Amino acid sequence: MHDKTLTELAAGLASGEFSSRELTQALLARIDRFDGDLNSFITVTAEQALATADRADADRASGNAGPLTGVPLALKDIFCTAGVKTSAGSRMLDNFISPYDATVVEKLAAAGTVSLGKTNMDEFAMGSSNENSFYGPVQNPWDSDAVPGGSSGGSAAAVAAGLVPAAMGTDTGGSIRQPAAFCGITGLKPTYGRVSRYGIIAYASSLDQAGPLARTAEDCAHLLGAIAGHDLRDSTSVARGVPDYIQELDAPLAGLRIGLPREYFGDGLDPTVASAVREAIGVFESLGATVREISLPHTHYAIPAYYVIAPAEASSNLARYDGVRFGHRCDAPEDLTDLYKRSRAEGFGEEVKRRILMGTHTLSEGFFDAYYKKAQQVRRLIRQDFLDAFDEVDVLMGPASPTPAFDLGAKKDPVSMYLQDIYTIAINLAGIPGISVPAGFAGGRPVGLQILGTHFAEARLLNVAHQFQQATDWHLRRPALAEETL
Amino acid sequence: MQWETVIGLEVHVQLATKSKIFSGASTAFGADPNSQACAVDLGLPGVLPVLNEAAVAMAVQFGLGIHAEIPEVSVFDRKNYFYPDLPKGYQTSQMYHPIVGPGEVEITLEDGETKRIRVHHAHLEEDAGKSLHEDFQGMTGIDLNRAGTPLLEIVSEPDMRSAKEAAAYLKAIHSIVTYLGISDGNMAEGSMRCDVNVSVRPRGQASFGTRAEIKNVNSFRFVERAIAFEVERQIELIEDGGEVVQETRLFDPERDETRSMRTKEQANDYRYFPCPDLLPVVLDRAYVDHLRDNLPELPDEKRARFQNALGLSAYDAGVLSASRAMAEYFEAVKEVCGDAKLAANWVQGELSGALNREGLPIQNSPVSATQLGELVARVKDDTINGKAAKEVFQALWHGEGANADEVIEAKGLKQVTDTGAIEAMIDQVIADSPAQVAQYRDAEPDKRGKMIGYFVGQVMKASRGTANPQQVNALLKEKLDALC
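Here the structure is a predicted model, which means the values were calculated and not measured. Each chain has its residues counted from 1, running along the sequence as written. Following the order in which they are written, the chains are lettered starting with A and the ligands numbered starting with 1. Per-residue local features are limited, in this predicted model, to residues with pLDDT of at least 70; the limit for side-chain atom pairs, both in listing and counting, is 80 or more; totals at the level of whole chains, interfaces and linings are taken over all residues.

**Student:** I'd like a description of the overall build of chain B, backed by residues and values.
**Tutor:** Each helix and strand counted, chain B has 16 helices and 15 strands in total. Radius of gyration (C-alpha) of chain B: 30 Å, far over the 23 Å computed for a compact globule of 484 residues. Burial is judged by counting the other C-beta atoms within 10 Å of a residue's own C-beta: 20 or more makes it buried, 12 or fewer makes it exposed, and any count in between marks it as partly exposed, with every C-beta position built from the backbone. The burial tally for chain B puts 40% of its 484 residues in the buried class. A pair of residues counts as a contact when their C-beta atoms, built from backbone coordinates, are separated by no more than 7 Å. Here the analysis covers contacts within chain B between residues at least 6 apart in sequence; of these, 68% occur between residues at least 24 apart. Only DSSP runs of H or I with at least four residues qualify as helices, and only runs of E with at least two residues qualify as strands; both kinds are numbered from the N terminus onward. With C-alpha atoms as the basis for the radius of gyration, the globule rule is written as 2.2 Å multiplied by the number of residues raised to the power 0.38.

**Student:** Kindly report on the interface of chain A and chain B, identifying the contributing residues and their values.
**Tutor:** Across the contact, 35 residues belong to chain A and 23 residues belong to chain B. For the side of chain A that touches chain B, the secondary-structure elements that each account for two or more residues are α9 (302-317) and α10 (336-347) of chain A. Broken down by element, the side of chain A that touches chain B gets its largest block of residues, three residues, from α9 of chain A. Residues that form the side of chain A that touches chain B fall into these classes: 18 nonpolar, nine polar and eight charged. Any residue outside Ala, Val, Leu, Ile, Met, Phe, Trp, Tyr, Cys, Pro, Asp, Glu, Lys and Arg is labelled polar, Gly included; the first ten of those are nonpolar and the last four are charged.

**Student:** So what about the nonpolar core? Which residues, and what values?
**Tutor:** A set of buried residues drawn from Ala, Val, Leu, Ile, Met, Phe, Trp, Tyr and Cys, joined through C-beta atoms within 7 Å, is what defines a nonpolar core. In terms of nonpolar packing, the biggest core is built from 217 residues, with Val-159 of chain A together with Ala-59, Ala-166 and Val-196 of chain B touching the most fellow members. Among the elements that make up this core, the one with the highest residue count is helix α3 (residues 163-180) of chain B (ten residues). Setting aside its immediate chain neighbours within four residues, Ala-59 of chain B contacts Ile-99, Val-100, Ala-122, Leu-124 and Leu-152 of chain B. Judged by nonpolar contacts, the second largest core, of 34 residues, contains Val-333, Val-367, Val-376 and Ala-388 of chain B.

**Student:** Let's hear about the domain arrangement of chain B: which residues, and what values?
**Tutor:** By a widespread convention, an interface's size corresponds to the accessible area lost as its parts come together. All names here are of chain B. Segment limits for the domains were obtained from an automatic or database-derived domain assignment. Here chain B is described as being made up of domain 1 (3-287), domain 2 (297-411) and domain 3 (419-483). Taking the mean C-alpha position of each, domain 1 and domain 2 sit 36 Å from one another. Mapped onto the side of domain 1 that touches domain 2, the elements with two or more residues apiece are β5 (103-108) and α3. Among the residues forming the side of domain 1 that touches domain 2, the class breakdown is two nonpolar, five polar and one charged.

**Student:** A description of unusual backbone geometry should follow, citing residues and the corresponding values.
**Tutor:** Residue and element names in this part refer to chain A. A cis amide bond links Gly-150 to the next residue, Ser-151, at an omega of 10°. With respect to the helices and strands, Ser-151 occurs in the loop between β3 (114-119) and α5 (153-160). Here the phi dihedral of Asn-39 falls at roughly 65°; this positive angle occurs in a residue that is not glycine. Looking at where Asn-39 falls in the secondary structure, it is placed in the loop between α2 (20-38) and β1 (41-44).

**Student:** Can you explain the sheet that holds strand β14 (residues 273-274) of chain B? Please cite residues and give values.
**Tutor:** Residue and element names in this part refer to chain B. Here a strand pair is declared whenever DSSP counts at least two bridges between the two strands. The antiparallel open sheet is built from three strands, whose spatial order is β4-β3-β14. The open sheet has two free edges, formed respectively by β4 (90-93) and β14, since each of these has just one partner strand. Of the pairings in the sheet, the one linking strand β3 (residues 77-80) to β4 comprises four bridges and is antiparallel in character. From the neighbouring strand, Lys-79 faces β4, where its bridge partner is Gln-91.

**Student:** Can you tell me about the sheet that holds strand β6 (residues 210-214) of chain A, naming the residues and giving the values?
**Tutor:** Residues and elements named next belong to chain A. One open sheet holds the eleven strands; their spatial order is β1-β3-β2-β4-β6-β5-β10-β11-β9-β7-β8, and the pairing between them is mixed. Both edges of this open sheet fall to β1 and β8 (290-294), since each of them pairs with a single strand only. Neighbour to neighbour, the strand axes of the sheet diverge by 30° on average, direction disregarded. In this structure, strand β4 (residues 166-170) lies alongside β6, joined through five bridges in antiparallel fashion. Bridge pairing in β6 places Ala-167 opposite Leu-213. Axis geometry follows a simple rule: fit a line to the C-alpha atoms, using only the stretch in contact for helices, then measure angles between N-to-C directions, giving values from 0 to 180 degrees. Against the sheet, α2 touches β1, β2 (72-76) and β3, its axis set at about 20° to β3.

**Student:** Outline the pairing of β6 of chain A, listing residues and values.
**Tutor:** Residue and element names in this part refer to chain A. Across the five residues that make up β6, a large majority, five, are buried. Across two bridges, strand β5 (residues 186-189) lies against β6 in antiparallel orientation. Bridge assignment links Thr-186 to a residue of β6, and that residue is Ala-214.

**Student:** Residues and numbers for helix α12 (residues 369-392) of chain A, please.
**Tutor:** Between the first and last C-alpha of α12 of chain A there are 34 Å, a value that for 24 residues agrees with the 34 Å anticipated at 1.5 Å per step. Every buried residue of α12 of chain A is accounted for by Tyr-371, Tyr-372, Ala-375, Arg-379, Ile-382, Asp-385, Phe-386 and Phe-390 of chain A. Each residue after the first adds 1.5 Å to the expected span of a helix.

**Student:** Residue-level account of the packing of helix α2 (residues 53-65) of chain B against α3 of chain B, with values.
**Tutor:** Residue and element names in this part refer to chain B. It is at 10 Å that the axes of α2 and α3 come closest, and there the two elements cross at 125°. As judged from the angle between their axes, α2 and α3 are oblique. Considering how the two elements wind past one another, α2 and α3 form a crossing that is right-handed. Residues Gln-61, Phe-62 and Gly-65 of α2 form the contact with α3, whose own contacting residues are Ile-176, Val-177 and Leu-180. Looking at the contact of α2 with α3 residue by residue, the class counts come to four nonpolar, two polar and no charged. Any angle from 65 to 115 degrees is called roughly perpendicular, while one under 35 is roughly parallel, one over 145 is roughly antiparallel, and all others are oblique. By convention, the crossing between two helices is left-handed when the near helix turns anticlockwise from the far helix through less than a right angle, and right-handed when the turn is clockwise.

As structure tokens, this is what we get:
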């Protein structure tokens, strides 16, 4: 069963080929067997999963099943889940049991899905390799020496290893798309405001967005339909109808106008990745699409602007972790200052501290205009680049990452790690949606093709990705680990 | 040297919304600690603020009430600092684009002069929780019930020149917000408190002196006392060759002094930046116009109308318009009795006296405005005389009888105006007082006027206060003079 896509599993449940309990048990057994080394889960909620699966089976028996009833999946440990530890990959929240469910969690539960647990991640979603987790690094199922990408590394690895058919992630600068690319699966970052952020532990509020990681675009379409929509509890979620993403999947691509941003094929791009991406674009041409080069002239400002805005917001968002009400508190504090200092020094990891310091600095009196205000101006220019491009073309395509997955421990210098996100970060600054789909291999490690659309063009992106997956089989390739049976 | 005091006030007004500014939790005062703090107020991981529209409407109403500019767009910013009763580690406020722009407030001084005080701006923000230092051995308790309560911070220009002006300004703000019904104005419960910026300069100097900010002053009286102390401290300091340092000070009402809390060097860098969880507030013209059209009459307008349309004295108009509750009560009495001056006299005289004695606010008066209006109407139509009216009022105050007519009837206080009946009583009194009549007769005619009082008293007593005093007077004079 574990080799099936979410869409196939949903069909199998509907036809009675297997029950949700059988499926859930089978996947829990795989997690038990393989996740010790892989380390993709922080918390496995086996008991709750089986109870939910039984309810799903009962609902199906009484004729109350929806299309996703009984489908198992996993949640990045950044989504608040009532009664279950929600750590954000941090020692700071190692003792935090959320008293409430995130909107995404509520919606997935309402759709009848079964959560198997909470997946590993870079601490507070800060990282591109999953090496910044308090719970240790995650292995890439394709190569145990490689990172799975980050920050949604646990979600991507769990799907690639066949432990779950799909998992939820969040993407602030590439944290869904880059791990999806590194693990050879499909990952969608929706438009900012498409999915409610309520109950998602905030990293950078103006950039964070939740989305699915799964085997196929069709799987992602099912899940996006379940989690998208306006939420009165999130003022930045957008009051706009949710289209039927499944219905749009089959539209033909003849006449599709594809733009290739010149800046996404320049220096620093691994030649093997480049050729895989160019080959994928050839597939689209064979499907009737036209291709032209375009320019996103402010691309090289994206990483500097991001590393002003995201840390600034993070420095404020993470101020609540002070040892007073919840989370880690140091032993025997001498006074209030000591409580703050030691609780935060002990609770946060190095990268989180680095970003808090950066953000605190750039917001300080005398620096605000030079950094934060300037970065917001740059952000508007970057957004305008994309809007101008989408006047000319329907979608943009390029690599999701300049290299395939790198080795664990390979990137010691934070800046070289930051540069990993060169093709994904501008998308968050612009608020547009992007999807990464498997498009070949480089040195035995997967390559991801990134497809970008204008605001709220998710249906188009899923359609384009789905048509590609009808014409190719990269998304069906599985690592040896996923082929292994119990 | 002659010194001039310069004062600016930052007044924090708690808005009377049912729920908090960014969450659905209740704002009611006095609940058990932390029983009115939801996930959002606690700043739990993942929660998001949602702006309470009622707080926006109230802020705009205030802006309209002080004739301020209402900008189309205002923005919430985060003010970042660590404090145990500040759950998120930042306070959501409005630093750069406040909801209310420049406006002005008119104050009336004791000599009846008026002065305009400019308001720089007013902005919305959330309150913090409370730190409780008593009752916790070696620890501090945190109550987050107040966290997230909507506040309107009203920032004046440094336009006040004395403690009295500052107190008058604070009273004017109090009056405006209570008239608008956007705050209960209850200072004892912390619904209104202010930070006072005080500096002194030699009279005639154009530039301002260095100011000290006195935090959290929570009564009209304390504002005056804190300023008086602070002005004296600063002048003494300078005259002794010292220098005022820019600092935050705390007023201690027990010792009647201000004490240094922190200097400018110790001040926080709040690292303000726009809150990414909240959209800018965009107010369209129609919305603002709707609020303007539905604004209640404000204190200044009411005072002018009481004076001009109702013919009250400036003093009476001022007293009766000072609070919305007082004005509404007075207008209701006037409506029922149909005489503004009589209504004014009764509300300020008998009623206010009784309320003051019992320490009751006018809203809790045992005598309703309708009851008082009916009573005054009986005075006006001569059904009862003034003395009987006071008796009726006391009866109503103590709940004896549902209305004035019932009390008048029950106590037989209806005024006697029948000349025959009064004459009969007068004849009896004259017959019973031969000695006084003899004195009267023997007195010089110009002394007799004083002596008549005795007879009036006797007749009134005989009528149990119900005889019409004017008639008694006239008839007595006639009859006594006839005996001379």
